[in-house]
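# Overview (structure and organization)
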Amino acid sequence: MNLVVIGAQWGDEGKGRIVDYMASAADVVIRFSGGANAGHTLVYQGQKYAVHLVPSGILYPDTTVLLGTGMVIDPESLFDELNTLSEQGIDWKGRVLISSRAHIVFPEYKERDRRLDKERKRPIGTTGRGIGIAYSQKAARDGIRLADIFDDSWKEVLSDEENRFLDLYRDQLSDMMVDITSYLHREKPERVLMEGAQGALLDLDLGTYPYVSSGYSAAAGASLGAGIGPRDIDGVLGVFKAYSTRVGNGPFPSEFLPERDGELGEQIQTIGKEFGVTTGRKRRCGYLDLVALKYACRANGIDGLVLTKLDIYDGFDEVSACTAYDIDGTQTDEFPASIDALTNAGPVIKTFPGWKRDISGITEYDQLPEEARRYIEFIEEYCETPITVVSVGPERNQIIIRRELWTEY
Ligand code: GDP
Ligand code: IMO
Ligand code: MG
């Protein structure tokens, strides 16, 4: 059984939290795209773990985690992260593997990334982790893959500075490197979980280009990025929050506006603790955007949706969602490709009664207040996709499973 978990919005939907939950029954977790621009938070027994490159199955001592071919890897960030995990008592040695075909991010890429964004007429608001540069180098056939950093002929191609940088990590990387195809063929893991980074709307092809990241964070990226053929993927789960957030620049039709929505934006930002895990930036917040979510479901073949952070609305009198865009006086529920159309889109809002109750301890769907269920069922109907999981808190056990994840997704 091979399952894919992707973000169905603009990132930070709680992918890490869901992968951590599902990984208890996975043999291997493969991160299939992105790099240290991601920040996935796992909370277990009150302890918080933040991972950027390391897949979110790392907390289970018997689970192997693999950094896939679709990733771009900064060795310095990777070993910093692994050292932090060691300090937090996680024994990762021998179970963190890296695809030999993954690309390397050099320190200079990070400076270039930030400089380039400043020079852009329309800055993206990159995390500055060198991701865009690494993927550009890769597409231009000027990058270097992990497999090649050990060969003398490549040492001549790299600068002295790049070689000195790699010298610090070659031995450790060599111990962790695997050919992902041979590995999967040899080990025949029964349950593989493919973990996305970013989100469908930040995908290079499907997202709000040019305000996207440079990897394939959509479900289709899992196949190439994890080295598992598309016919061998059994299901795709899309994670989304009860509202929307976005970090960095780019159109956000349902973004809260103080003049229209009063304090709502500030409240959600504060209660939801919407700060970036990687950069500490405040996340922009808005209504749940169902137009965008339906697009993500269709474009990624999402079998089941995972709703997170429903508990953030516990104290509110009402809960709202964007059900259509108003673009220059015309309403549509299609997600436009044109960035100008998206920028000009205003949200058509539908409001639901709130539940005004603490739901963070509920583990059965029928125990949820009727108002919460009505909100959930409206989303399912609108997106024509079932919500198979509802998360009501950051801890591993604050979760409502409506369908058995490894058999019904
Ligand atoms: P990711 O990048 O998709 O893995 O998400 P992040 O880790 O960047 O952001 C999600 C944040 O929401 C993290 O701080 C999680 O601990 C937290 N979180 C996830 N699910 C829930 C939930 O259901 N309720 C609450 N209150 N917090 C959650
Ligand atoms: P996770 O996996 C939210 C955003 C950045 C910027 C744009 C391009 O934690 O959900 P990049 O550094 O890739 O050049 O940035 O994409 N971005 C994310 N936003 N969550 C992420 O990852 C993101 N990774 C990149 O803020 O707008
Ligand atoms: Mg994140």
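Definitions and limits used
- Residues numbered from 1 in each chain as written.
- Chains lettered and ligands numbered in written order.
- Predicted model: local features only at pLDDT ≥ 70, side-chain atom pairs only at ≥ 80, totals over all residues.
- Heavy atoms only, no water.
- Helix = DSSP H or I, 4+ residues; strand = E, 2+ residues; numbered from the N terminus.
- Rg over C-alpha atoms; globule rule 2.2 N^0.38 Å.
- Buried < 20%, exposed > 50% of the residue type's maximum accessible area, 1.4 Å probe, protein only.
- Contact = heavy atoms within 4.5 Å.
- Lys, Arg positive; Asp, Glu negative; His and termini not counted.
- Charge placed at Lys NZ, Arg CZ, Asp CG, Glu CD.
- Donors = N, O, S within 2.8 Å, 3.2 Å for Na, K, Ca; no water.
- Near = heavy atom within 4 Å.
- Polar contact = N/O pair within 3.5 Å; in protein donor to acceptor, adjacent residues only side chain to side chain.
- Areas by Shrake-Rupley, 256 points an atom, 1.4 Å probe, with all protein chains shown as cover.

## Observations concerning the overall build of the chain
Helix and strand counts for the chain stand at 15 helices and 20 strands. Computed over the C-alpha atoms, the radius of gyration of the chain is 21 Å, within 12% of the 22 Å expected from 2.2 N^0.38 for a compact globule of 409 residues. In terms of overall dimensions, the chain has a C-alpha envelope of 65 × 45 × 40 Å along the principal axes. In the chain, buried positions account for 58% of the 409 residues. Partitioning the contacts of the chain with sequence separation of at least 6, the portion at a separation of at least 24 is 76%. Of the charged side chains in the chain, 45 are positive and 64 negative; the average position of the first set lies 2 Å away from that of the second.

## Some words on the coordination of the magnesium ion (ligand 3)
Ligation of the magnesium ion (ligand 3) by protein atoms is provided by Asp12 (OD) and Gly39 (O), these donors lying 2.0 to 2.1 Å from the ion. With Asp12 in the loop between strand E1 (2-7) and helix H1 (15-22) and Gly39 in the loop between strand E2 (28-31) and strand E3 (40-44), the pair connects residues that are 27 residues apart, well separated along the chain. Judged by relative accessible area, Asp12 falls into the partly exposed class, the value being 21%.

## Some thoughts on the site of ligand 1
What surrounds ligand 1 is a group of 20 residues, the closest being Lys15, Gly39, Thr41, Asp311 and Ser391. Within the contact set of ligand 1, an oxygen atom lies 2.8 Å away from a backbone nitrogen or oxygen of Gly14. Note that an oxygen atom of ligand 1 is positioned 2.8 Å from one of the backbone N or O atoms of Gly39. Contact with the protein chains covers 92% of the free accessible surface of ligand 1, which is 580 Å². Secondary-structure elements contributing two or more residues to the shell around ligand 1 are H1 and E3.

Any functional reading would require information beyond the geometric quantities listed.
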